[in-house]
Structure formats: C-alpha cells, structure tokens
Amino acid sequence: MNESRAYIERIRRVSRGQQRLELAVEPSLAAILPGQALLVRRIEKDYDEACWHPYLRELWHPVESRAGKILSVERDARASYAPGQLLSVLGPVGQPFRFHPKLRNMLLIAHDAAPAPLLLMLPALLARGVSVTLVLMASARAYDASHLPEELEIVLAEDDLSWQDMVMTWGWADQAFVLTRQAGADEALSQIMSLARERLHEIPANFLFAVAQRPMPCGVGACHVCMLQLRGAQKLQCLDGPAFDMTAMRLP
Amino acid sequence: MNESRAYIERIRRVSRGQQRLELAVEPSLAAILPGQALLVRRIEKDYDEACWHPYLRELWHPVESRAGKILSVERDARASYAPGQLLSVLGPVGQPFRFHPKLRNMLLIAHDAAPAPLLLMLPALLARGVSVTLVLMASARAYDASHLPEELEIVLAEDDLSWQDMVMTWGWADQAFVLTRQAGADEALSQIMSLARERLHEIPANFLFAVAQRPMPCGVGACHVCMLQLRGAQKLQCLDGPAFDMTAMRLP
Amino acid sequence: MALEITGSGKNPLRVETPVMPAAGTLGFGDRYKSLVDLGKLGALVTNPVTVEPWRPAAGPRLVPLDAGILVHTGLPNPGLKSVIRKYRRRWATLGIPVILHLAGSTVPRLREAVRLLDEVDEIDALELGLDDGIGARAATQLVAEAAKSEKPLLARLPFYECESLALPVAEAGADALVMTSAPRGTARDAESGKLVSGRVYGPLLKPMILRLVGRLRRELPGEVPIIGCGGIHNPQDARDYIEAGAVAVQVDAATWAQPRVLERIARDLGGWIATRQGDALLDEWNPDMGQTEALRRRASQSGPSRG
Amino acid sequence: MALEITGSGKNPLRVETPVMPAAGTLGFGDRYKSLVDLGKLGALVTNPVTVEPWRPAAGPRLVPLDAGILVHTGLPNPGLKSVIRKYRRRWATLGIPVILHLAGSTVPRLREAVRLLDEVDEIDALELGLDDGIGARAATQLVAEAAKSEKPLLARLPFYECESLALPVAEAGADALVMTSAPRGTARDAESGKLVSGRVYGPLLKPMILRLVGRLRRELPGEVPIIGCGGIHNPQDARDYIEAGAVAVQVDAATWAQPRVLERIARDLGGWIATRQGDALLDEWNPDMGQTEALRRRASQSGPSRG
Ligand SMILES: Cc1cc2nc3c(=O)[nH]c(=O)nc-3n(C[C@H](O)[C@H](O)[C@H](O)COP(=O)(O)OP(=O)(O)OC[C@H]3O[C@@H](n4cnc5c(N)ncnc54)[C@H](O)[C@@H]3O)c2cc1C
Ligand SMILES: Cc1cc2nc3c(=O)[nH]c(=O)nc-3n(C[C@H](O)[C@H](O)[C@H](O)COP(=O)(O)OP(=O)(O)OC[C@H]3O[C@@H](n4cnc5c(N)ncnc54)[C@H](O)[C@@H]3O)c2cc1C
Ligand SMILES: Cc1cc2nc3c(=O)[nH]c(=O)nc-3n(C[C@H](O)[C@H](O)[C@H](O)COP(=O)(O)O)c2cc1C
Ligand SMILES: Cc1cc2nc3c(=O)[nH]c(=O)nc-3n(C[C@H](O)[C@H](O)[C@H](O)COP(=O)(O)O)c2cc1C
Ligand code: FES
Ligand code: FES
C-alpha cells in the first residue's frame, strides 16, 4: 500500500457500455494481483489542493497489466476522462483472491454490478486452461461483454437468478466468486446462497466467495467504515477483502 | 440582464501575463458596452448541477466585440481554460461608462489591478482620435501591455504613485477612470484623489471616476453584498456601477 | 391545489408550490424579473427590513469558501415605511403571496411594525428573523408581540439555537417555524488578510439542518408547520426536506449562483406535491419523478437507519 | 522546541508540532505507516475506545455529500483492555505522545477505565469524547471522573453544545478542550434510498468552528488551552485556527482523501510555530511563509472586522 502518481495514457471504448483507461503507473502497482484494486483521485497539480472535491476516492479495478508499467482499468463509458489526466493512486487495496490449488472450473457471478472486479483473473486462468463461466444477473445482464475473451462462457440469468444448465455449472465449479452492488448485497447474496444450497446440499468452505463493494474512505484499515461483521469476527473490506467466504457471513 | 449559454471558441496568449478567450455568445451580449461585464460559471452540462463549486461566478471583462457574436475577454495567463468549455453567463452587468461629450484626452489609471475592465473602450476612443494614457501603478506595473494598441500611451508610475509629466497629464485630461483592487481600494483612491487635488485644485463632478471591483454574488441588485455607501446615497455596484464619481464617495 | 403552510390560528397562508426564496436572496420582487418567473414561486420572502433604516456593513462583505461563501451585508435597508411605500404596488402585481421579513427588532419597534403592516393588504404574512444568541425569553417576547398581527407569522430560528427555541417560539404564537437562518462563521479574507464574521452558505448545511428538521418534526406538536432552509441546490435536496417533515422550503445562496435553479425547484416540487396529495400514481410528467417516489416509498418502509 | 498543549495542573503534554489526527481517522498507530511518517506528527490520537467491546453499526455507514461525507461507523472496537494489550508495544515505538480517545461512557465505566489507563505508561494523555445532546451536568460528572487520572485530560466537545459546555467542562477539570467533534447530520443514501444519520465532514465546518474557537478563546479563562478541529484541509486552514487562539489542531477526514496532507500540515505548522516562538524573522524555509506572516501581522493590527 502506497500513494503514488499515475496518469491516463490512453482511453479506448471497448464495448457499448465500457471504456478502458490505460494508466502509466509505478512498477510496484503494475504487479497488482486479481482481487486488488486502486483508490484514485483525479488531481490537477502534484500537490492535491482541493482534496474535498470529491471526498471519496473512486475504486478502480485493473483488468489487465502490461509491460510492468501499464495498468488497464475498466470504467463505465458514460464517465468522461481525458488522456494526460494526473492521478493520485492509493494501492494496491485488499488481498489477492486465493484460488483453489487444483482449479479447473471457475464460476463468476455479477449481480446488479458490472463485472470489472472479476476480470483481472481472466488472462492467467484462461492461459492455464481453466474453464470460466460468467453469469450476469439482474441489471448486470445489460453489460455488453463483447470485448471479453472468447474462451469465457457468458450466461444471462433469468429474473429468478436461475439459468439453463445451472445444476451442471454449480456441480462442476471448483470455486465461485459472487459480485454484488453494495445496496441490497445481503439479500442478493442470501438468495444466491440458497440457490447454491439447493444444487449442492452442503457448501464447503473456500468454495463460495462474496466480493464486497462498500465505499472505502481510507483504504488502509483506519476509519472502520468498511467493516463487516462475520460470524464471530470483524473484518475490514480494505485490508482483509474484498473476497469473503460466504459460509462465514451472517446473511439474512 | 439575462442568463445565457456561451462557449469558449478560441484561446490566445496575447502577452507575458495575459490570455484572451474568444467567446461565442448570444447576439444581445455582443452589444455589450465599455464598463459592463459578465458573471460567468463554467458548467459541464446544460443544466448546472454543482452550482456550489465554486459559488461565486467569475467577473469577466470583455475587451473586444466582433461580428455580433464573438466577445473577447482578457484573463490572467495562469488560469487554465479549454476551448469548447460551456459557460453560463449572466450579463451584461452594470452601467456603461458615461464619457464626456467632448472627450479629447482620457486618463486611465490601474492601481494594483490588471486593466482589463478599462480596455473595451479603447477601439472606439482611439478610432475617434481621443488620446488615451494608461498609468500603471503598484503591482499593475508588472502588467505586460505589449499587446495593447500602439496609439495608447503607457506610463509606469513611481512608488509614490507620481509619474513624469503628471501635471500635464492631469491638466489635459477631460476625464479619468481609476481602477483598483477591492482590498485597500479606499486608501488607494484617497491617495490618488489627493494627488489629483494637488494638480487640479478643484475636482469637478463627472471628471474623476473610480471603477469598483467588489465581488458580486447575484449581479442583479438582490443580495446587497456589493453596496457602496456614497455621500448621502447607497449605490449598488452591480446595478449602478462599476464607475462612481469619486467626488461623491466617502474616502478616508 | 393550494397548500397551507401556516398553522390554523389565523387565515392560513396558501401557496401553489412549497418553494420560496430565503430572506435576503431575492430582493423585494423588483430584481430577478428577467431571470426567474416569480409567478412560478410559492411566495416571495422579501429581503430583511428593519423599522429604522440600516446602513451597509463596513469592511469585506464576502469571503469565498471551499464549497461555500461567507456573507456579511449588515442588512442595509431604508426602513419599513420606505420599503412599504416603494414596493407595495409591485407586490400587488406579483400574483404570489408576499412574506415580509422583519429583522433586528425590539418589542416597542415590533409593535410599531405590526401596526404599519396590518394596514398593508399587499403583504400576506410576516417572517420574524431571530438573531443568533438570542435567549428563549427575548425570543418569545418578540414572537408574542409579532403574533398580535392579523397576518400569519413565520419565525426564522437561528441555526445554533434552533433546537432550544423551537418549542417556546411555537408556543409564543408563531404560525410556522423556518429552520434555519444560515449559521455564523469566521473566515479570512484573502485580499485584506482580515478575519471576517458573517453567515456561511454551502451544500454542507443541508445534512445538518435536515437532521434538525427531522428531529424537531418528531418532537414538536403536529400542528406547527416547519419550513426547511439551508443548502438546497436541486429538487432532490428540497424533496428531502419535505420527506423529513417540512411543509415547504426556502432556497438560499443557490439562486445567486444559478438563478434558474430556484424556478426549477419550485416547478418540480409543485408537481410532486400535487401528485402526492391527490394520491395519484407515479406518472411521467417529470423525468426524476418515478425514482424519487420509489425512494420515498422504500424510505418510508424502512425509516431512518437510527433513532 | 516543544509546545505545551494542556493546562498546568498535571504533567503537561508536550508536542513538537501542534498537529494531530482527530480520533477515528488514523487508527491506533498501526495503519497509515506506509503513507504518513507518524513521527512527524505532534501526537497520535487513537480511534475511539469504549470500556466494553462495541460492534459496527448496521446499515449504510457512509453517504457521499456535495463537498463532504457523512459517516456512521458505530465506533466498533474490541474494548479498552484488548486495545491496550494489542497496541501498547506499538505505541512505545512511535516516538510521539499517544492520546487515547475514550468514548461512550458512564461514571462507573470511566472509573474503571482510569484505573486501567493510569497503569499504562505508553499512553500520555486521555481524550474524553462527549456525546451530542449530553447536558452540562452529565458532561461535568464524566469529566470530573476522568480528571482523576494522573494523565492530562482533553475533552472533546460536541459541535452543537460547544458554547454551553466549554466553561463547565473546563471547570470540571479538563486540561484542554477539543473543539469540536463533527456535527451530526442526516442524508439520503442514494443506493438504498434510506435516510442515514451520522457525522458530517467537509470544508464548510471550518468557518463555523473557527468562529467558535475565536469566541471561546475570548470568553474562557486564558489557562484553558483550545485544540481546534473541523474542516482542516491545508496548512492555511490550520494556521487560521492557531491565529484564532487554538494551541493545536486535529485534522479529520482530509487524511482519508489525501494522506500526505496530514504530514504536510504537521511539518508546516511545526516550523511556523518554532519561528513565531523564537520571534525569528520571516525566513525562506517554507514557500508559503512570508505571505502568511504578513497576513497575520496585518490581521493583528486591524483585528476581526466585527466584535
Ligand atoms: C438598533 C440597531 C441598529 C443597527 N443598525 C445597524 C446598521 O445600520 N447596520 C448594520 O450593519 N448593523 C446594524 N445593527 C447590527 C445588526 O444587529 C447586526 O450586526 C448585523 O445586521 C448583522 O448583519 P448580517 O449581514 O450578519 O445580518 P444577519 O445577522 O444575517 O441578519 C439575519 C437575521 O438575524 C436577525 N438579526 C440580525 N441582527 C439582529 C439584531 N441585532 N437583533 C435582532 N435580530 C437580528 C435578523 O432578524 C435577521 O433575520 C444594528 C443593530 C441594532 C440593535
Ligand atoms: C452502553 C452502550 C453501548 C453501545 N454499544 C454500541 C455498539 O456496540 N455499537 C454501536 O454502534 N453503538 C453503540 N452504542 C451507541 C452509541 O452511543 C452511538 O449510537 C454510536 O456509537 C454512534 O456512532 P457514531 O459512528 O456516530 O460515533 P460517534 O457518535 O461519532 O462518536 C463520537 C463521539 O461521541 C461520543 N459518544 C458517542 N456515543 C456516545 C454515548 N452513547 N455516550 C457517550 N459518548 C458517546 C464518543 O465519545 C465519541 O467521542 C452504545 C451505547 C451505549 C450507551
Ligand atoms: C445602533 C447600532 C448601529 C449599528 N450600526 C452598525 C453599522 O452601521 N455597521 C455595522 O457593521 N454594525 C453596526 N452595528 C452593529 C455592531 O457593530 C455589532 O455588530 C452588533 O451590535 C452585533 O454585535 P455582535 O456581532 O458582537 O453580536 C450597530 C449596532 C447598533 C446597536
Ligand atoms: C447496550 C447498547 C448496545 C447498542 N448496540 C448498538 C449496535 O450494535 N449498533 C448500533 O448501531 N447501535 C447500537 N446501540 C445504539 C442505539 O441503537 C442508539 O443508536 C443509541 O442509544 C443512541 O440513540 P440516539 O441516536 O437516538 O441518540 C446500542 C445501544 C445500547 C444502549
Ligand atoms: S476503508 Fe477505512 S477501514 Fe477500510
Ligand atoms: S451583487 Fe448582489 S446586489 Fe450587487
């Protein structure tokens, strides 16, 4: 975790709803791992005068790392950015995802949220021959995934969050990561958890992970805004997250 | 007085310290007269969402009007602007300067302030053969006037605000406009007034004008922030100004 | 579909939309004509008027702040009689109720003011400004005196004493409480290096005053209407005040920054309230509408997250 | 050249620079290591600690505001004993004084807390957080109990009651007054549509709290030091508090937005105070220096523009 300066080197519209920003970053940041993210402020000068506008840093999710100094992040295409924009970057924030050692089949679920936080794992997993399925649920079904790798299987869930071959997908998966928006996360996770239970009877530890997306004012474990109450333990999303084993969560 | 949209069409660096922005404005604004100004907000979209950042509109001084739809304003070169920037403009603010009907010699004084508010009169006066002298005082001596018309006589005052040929300049002048910064305006005006008195014995009405530069939150006479207490009368800079006869002012 | 925004004692004050300018922001109805369609507002609240003439404050009057401004005008005005003489004809033509803001008074002066005002048909209500630091005793004496007017009385409470004054002022006869005047603050004028005292305006007032409105709506007797004022910059800000329990709102410094915001808020709230009152279904008359209604319903199911 | 920032009763608390984090912003000295050189701060004020463990608040904890944020964490912490056990070794290595912030207490709990704390050499002072809405009686009882500690006692006053509590709390034994905790407010969480209650942070707090500090500095006995806290985002904000009469300042949410701001303010004020104390001439050690000194001198000649 460090604060460093970066800038936007290039902007590419990659699909209907998404753009990718290529950031020139310090080498330490280019080594970021899947699961980790950046807390970013756009700044005018090297010294950040108006650090109250806005107060909260934006959480940017790297989706690709290149040449040891370029990170691509994926952002909603409606946000407007300019090449050359100077950035103050806090990062890396969070713990890398811990993958199953014998991972063959990965299930990714994005519920009501664009899947950017899940994408950095794709190059490495696909290169290792892991089959990856990305299920888009609720408003995430509108996500235009045309720019994602062809080997990735994309599934659109029904309104009741089910999908064709759901039994098979759950059965084959060695691990699953579920991304939700902050609002209503508990309800959504709990619904997905019951779906999984129906198919699997028992959910093992280290199998089903929630990827949390609370706002993070400090990103370093000081303000306690991002604290989660797990069964018997309190965890900080910024230090211990973003992935939490859903079997340890207190869901409604 | 109206609110309208405009945008920055072109930006030119005109001298060491100054840039000129060419604004595409509504035709009514292009007919602005010397003395009048614009209250400007830079906005992102047509509807101005964050009208609190900043609260105060900037006071922009047109220095040239062209083709019935382009206004040039002069701004400090350190401020950064981009072509295409959308603006919300309130204007015209204030009353036109009232020139002496038989004006032959005009004395302009800029004390501690860049002379932009005085420049829009130059094209018309010089074209009519009026001789115009611009005296730069205090920090205004650093103003780089190399882009101003050649017919304009530029004089740098001494530390005590005197200048060579001062007696003559005061004697010849049919009218004088004195521009000061808001801070310390009263002291500066009072000092210049006594200098004038020394040279002229008696100062006639409609001869010596102060050009006021208080901040103006509303620009339409509603908030009373810009009110001046003159002898026996209260005047609003935004409605009655910016020029006030110095013989009617209560100076220290 | 007029809304009553003062309590039931006197002829209630009726507005077509629960949105008006805060005293001191819009003049006397003679300014802003070319920028705001005054007829689309719920009412005009005049600039503050004192019984005797007041002169403008000396020294810096305004300090730009990060996300706000500090203002100290000294409330210059030519005194009540002149104001009435000068503006009554204009008020008659506005087509909306006129609320005269009375500032800086004593009991004898207020008596005089009420006598004058009750003769002026063009004025529909009084708003009494209570100064910061005023104790409950002084405040209730002033309010009781002003309440002798035949016209409905709004009392504008100071920010820091809003909680302690609300009940006594309501009991002393105010027909509505305006919460609040802008808080006092101090800032350095960069030009002169001087510290300047004045009132502070900015969007951060909204969460603070919204909380006061919500708390006091729960604590005060139901018949005392509350008018919310502080940091309103868009229709959603205004709706939040109404949902927290205000019957109406006053928009302050936002009008200076962007005059069209005031009219837009007035139009938006007018339609919104009409729809709510008539218990109509969500409709498409306003693009922001559906979402806010949905928010309101969700919010009213779950309530505030604390206390 | 150490500065004393608590009154003379006990061993005074000495700092090298009058700048520290506000309770709740910097953790317990274990976070921010890689971002802020803690040794350059005047002191560490810990996150709030309660005698019993507290759990995090349910529901939305944060609402982004225009030019601010609203935060409600519920002050989760594992309780005083655990905190001491967990962090005392770290505190010993920091090289700056440690001020433990105690929150949410009763007299018997405070008695227990003081007993525990007086045994911990790694803690140099106590800061007692007084909750909003606390009356003068309850506040003075808590302060009198906490003042029995051998360590200097800072009392953090709530925003809305700061003026009424300052004198009684000082008289009850506080060695310094922290003005103030962030005001409470309410805002709508856009994600859930819920109204959320919490504390409000933003630059607009500064003019309001600066005024309180200035007024109370004039009204309180000279021996009670005031520590200013609210809306500080740059060195000039901090200097303004010192010039208004504070001996030191606490920086709040700015640290989250831009951690290097905290250290920069600490370095700047450290040098500035040293120069002022030594009555040195303006010098060039800091680029902002000359101008501010000039402003200070002009300001001290002319004073604030109003009473
Ligand atoms: C008899 C008298 C005459 C005064 N004459 C002047 C004058 O000519 N010029 C001047 O600048 N100041 C005068 N004052 C001082 C005045 O009280 C405030 O200092 C000043 O108006 C504050 O200006 P402001 O811009 O902060 O207005 P604000 O303080 O913002 O005024 C807002 C509200 O505060 C209330 N208020 C303000 N001051 C008072 C007060 N003193 N008593 C009761 N309510 C108050 C008003 O009702 C108003 O609603 C006078 C005070 C008194 C008692
Ligand atoms: C016995 C007891 C146990 C509680 N346990 C919890 C809990 O486990 N989790 C929880 O969220 N809330 C608890 N509360 C409620 C708590 O009082 C507040 O509602 C909550 O801490 C406010 O959270 P905040 O983030 O706004 O913190 P803040 O209100 O910002 O806390 C800031 C300051 O307020 C002071 N303060 C806050 N609350 C109190 C209080 N009740 N008494 C005295 N000072 C106070 C603190 O000293 C602190 O300096 C408890 C209250 C009591 C009396
Ligand atoms: C009769 C009278 C006339 C005043 N005239 C002025 C004035 O012209 N300008 C001004 O700024 N203040 C004026 N004041 C205000 C005082 O300077 C002071 O600000 C006011 O009494 C409030 O004081 P406070 O800010 O300490 O509460 C006047 C006060 C009184 C009582
Ligand atoms: C013993 C006790 C435990 C509490 N635990 C919690 C808690 O876990 N989370 C929470 O948000 N509030 C908790 N509260 C706080 C109450 O819900 C309430 O917010 C608090 O008493 C302050 O109320 P007020 O906001 O109306 O002043 C607790 C209160 C008490 C007395
Ligand atoms: S973001 Fe502050 S503790 Fe996690
Ligand atoms: S700027 Fe508002 S009255 Fe002149």
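Structure's up top.
Note that the structure is predicted; figures quoted are calculated from it, not measured.

Draft legend 1. Main features of unusual backbone geometry. Omega for the peptide link from G91 of chain B to P92 of chain B comes to -5°, which places this bond in the cis form. Residue position: P92 of chain B is located in strand β7 (residues 86-93). Despite not being glycine, D112 of chain A has its phi angle at roughly 65°, a positive value. Here D112 of chain A lies in the loop between β8 (105-111) and α2 (116-119). The partly exposed category is assigned to D112 of chain A, whose relative accessible area is 23%.

Draft legend 2. Focus on the relation of the copies chain D and chain C. Expressed as a screw transformation, the operator carrying chain D onto chain C has a rotation angle of 180° and an axial translation of 0.0 Å, and the superposed copies differ by an RMSD of 0.0 Å. What the rotation and shift describe, once combined, is the action of a two-fold rotation axis. Taken together, the interface assignments show that 98% of the residues at the interface of chain D recur at the interface of chain C, consistent with an identical surface on both copies.

Draft legend 3. Seen up close, helix α1 (residues 80-94) of chain D. Residues and elements named next belong to chain D. Over its 15 residues, α1 runs 20 Å from end to end, which matches the ideal 21 Å to within 8%, given 1.5 Å per residue. At Y87, α1 shows its maximal kink, close to 50°. Looking at α1, one finds that the buried residues are L80, V83, I84, Y87, W91 and L94. Following α1 by one or two positions, G95 has its phi on the positive side, about 80°.

Draft legend 4. Representation of the site of ligand 2. Taken together, 18 residues sit near ligand 2, with H101, A103, G129, R184 and R199 of chain D positioned nearest. Residues within reach of ligand 2 are spread across chains C and D. Between an oxygen atom of ligand 2 and a side-chain N or O atom of R184 of chain D, the distance comes to 2.5 Å. Protein chains shield 73% of the accessible area of ligand 2, which is 850 Å² for the free molecule. A per-class count over the shell around ligand 2 returns four nonpolar, seven polar and seven charged.

Draft legend 5. Quick look at the sheet that holds strand β6 (residues 70-76) of chain B. Residue and element names in this part refer to chain B. Strand order in the open sheet formed by seven strands is β4-β3-β7-β1-β2-β6-β5, and the pairing between neighbours is antiparallel. On the outer flanks of this sheet lie β4 (58-60) and β5 (62-66), each paired with one strand and no other. The sheet shows a mean angle of 40° between the axes of neighbouring strands, direction not considered. Two elements, strand β3 (residues 37-43) and β7, share six bridges in a ladder whose sense is antiparallel. In the sheet register, A37 faces β7, and the bridge partner there is V93.

Parameters and conventions
- Residues numbered from 1 in each chain as written.
- Chains lettered and ligands numbered in written order.
- Predicted model: local features only at pLDDT ≥ 70, side-chain atom pairs only at ≥ 80, totals over all residues.
- Heavy atoms only, no water.
- Helix = DSSP H or I, 4+ residues; strand = E, 2+ residues; numbered from the N terminus.
- Buried < 20%, exposed > 50% of the residue type's maximum accessible area, 1.4 Å probe, protein only.
- Least-squares fit on C-alpha atoms with pLDDT ≥ 70 in both.
- Contact = heavy atoms within 4.5 Å.
- Expected span 1.5 Å × (residues − 1).
- Bend = angle between axes of the 7 residues up to and from the residue.
- Near = heavy atom within 4 Å.
- Polar contact = N/O pair within 3.5 Å; in protein donor to acceptor, adjacent residues only side chain to side chain.
- Areas by Shrake-Rupley, 256 points an atom, 1.4 Å probe, with all protein chains shown as cover.
- Nonpolar A, V, L, I, M, F, W, Y, C, P; charged D, E, K, R; others polar.
- Pairing = 2+ DSSP bridges.
- Axes fitted to C-alpha atoms, helices over the stretch in contact; angles between N-to-C directions.

Don't take any of this as a statement about function, it's just geometry.
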